[in-house]
Each structure stands twice: as structure tokens, then as C-alpha cells.
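So the chains spell out like this:
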Amino acid sequence: PPKDDDGFILYESCAIARYLNKKYPNQGTSFIPTHPKAEALFEQASSIETFNFNAFVAPIVAEKVFKPRRGLQPNEERVSELLGMLQSKMDAYDLILSKQKYLAGDSVTLADLSHLPYSATFYGADFAEVNESRPNLARWWKDISNRPAWLAVKDGA
């Protein structure tokens, strides 16, 4: 849903999260680094999520979760095609995560947390093996998906 901040309307969850992080820098944990190199790695990880994760997982979720909710049949050929393309992307994630705890380094950032909604839906649509077959990806997923704040809101995501 859109965020209305005294008449300033903003939509898209990542834009809202970035806005709130900057507007309230001294409240809670900052999930966007401010040091130039750390911020660059965060931006890199955010791009990876957009173009190497969401670009494949979002349409798979649309086919396997959202279409059936509307009484439509999923296009299994499309799902297989997307899943095939996703595999090498997840191999790259596993390689990145073999060298560091999170996608942008050793501290959790919004780039990690932004994966939660689609990942949880994807995972729940019988695609757990995509993560679980890759040890570093599985470790990372277990870590971010068990954060107390996510556990408190995940059923409404």
C-alpha cells in the first residue's frame, strides 16, 4: 500500500523503506549503509535482487500462486523455463554467500530483507529445494527469514 506522509505519497516497498530509513536515521536499525564503499555494495546487491531474483521469481509466483487464486491454470511451461533460468542465478547467490554472511557484506541490509516477501511465497509454493540445495543460500535464507520483525509480520506479507 502507498505511504502517505503528510501529503507526500510514495509507493513501492523498497522506495518506502529507503525513504523511512533516511527520514528517521536515528530510530531503529539502519539497513542502508552510509560509508561509500558499503553503500556501493548495498546498491550492487539491490540490483542483483531486482534483475536476478525478482525478474524470475515474481512471474513464477504469479503463475503458481496468484493465477490459481483467481481460478486460472498456471502456465507450467513458462514456470519451467523461468525456473531453469533462475538456477544459475541462485548458484551465483550461493557463491556470493560463500564469501560473506549477507549479500552486501557481513551486515544485513535492505538488499537482503527485500527478498523476504517473494522468497517466502516462492518457498511456500513448493520451491524450497531451490534454496535448500545450496548450503550458503540455505544458511542466508534461514537467517533472514527467522528475524523477529519478519516473523511478526510475515503472515500479512
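The rules behind the values
Residues numbered from 1 in each chain as written. Predicted model: local features only at pLDDT ≥ 70, side-chain atom pairs only at ≥ 80, totals over all residues. Heavy atoms only, no water. Helix = DSSP H or I, 4+ residues; strand = E, 2+ residues; numbered from the N terminus. Rg over C-alpha atoms; globule rule 2.2 N^0.38 Å. Buried < 20%, exposed > 50% of the residue type's maximum accessible area, 1.4 Å probe, protein only. Contact = heavy atoms within 4.5 Å. Areas by Shrake-Rupley, 256 points an atom, 1.4 Å probe, with all protein chains shown as cover. Lys, Arg positive; Asp, Glu negative; His and termini not counted. Charge placed at Lys NZ, Arg CZ, Asp CG, Glu CD. Arc of directions from axis to C-beta.

Colleague: What am I meant to see in the overall build of the protein here?
Modeller: Helix and strand counts for the protein come out as seven helices and two strands. For the protein, the sequential pattern of α-helices and β-strands runs β-β-α-α-α-α-α-α-α. Relative to a compact globule of 157 residues, whose C-alpha radius of gyration would be 15 Å, the protein shows 16 Å and is just as compact. Viewed in the frame of its principal axes, the protein has a C-alpha envelope of about 45 × 40 × 25 Å. Out of the 157 residues in the protein, the part that is buried amounts to 34%. Look at the contacts in the protein between residues 6 or more apart in sequence, and 60% of them connect residues 24 or more apart. Of the accessible surface of the protein, which amounts to about 9,400 Å², a share of 55% is contributed by carbon and sulfur atoms. Between the averaged position of the 18 positive side-chain charges in the protein and that of its 20 negative side-chain charges there is a distance of 3 Å.

Colleague: Even after reading the chapter, I still don't get helix H6 (residues 135-145), so can you show me in this structure?
Modeller: One turn of an α-helix holds 3.6 residues; hence residues three or four places apart share an orientation. Along H6, the residues that are buried comprise Leu137, Trp140, Trp141, Ile144 and Ser145. All buried residues of H6 project into a common sector of 115° when viewed along the axis, lining one side. Away from its buried face, by an angle of more than 90 degrees, H6 presents the exposed residues Pro135 and Lys142.

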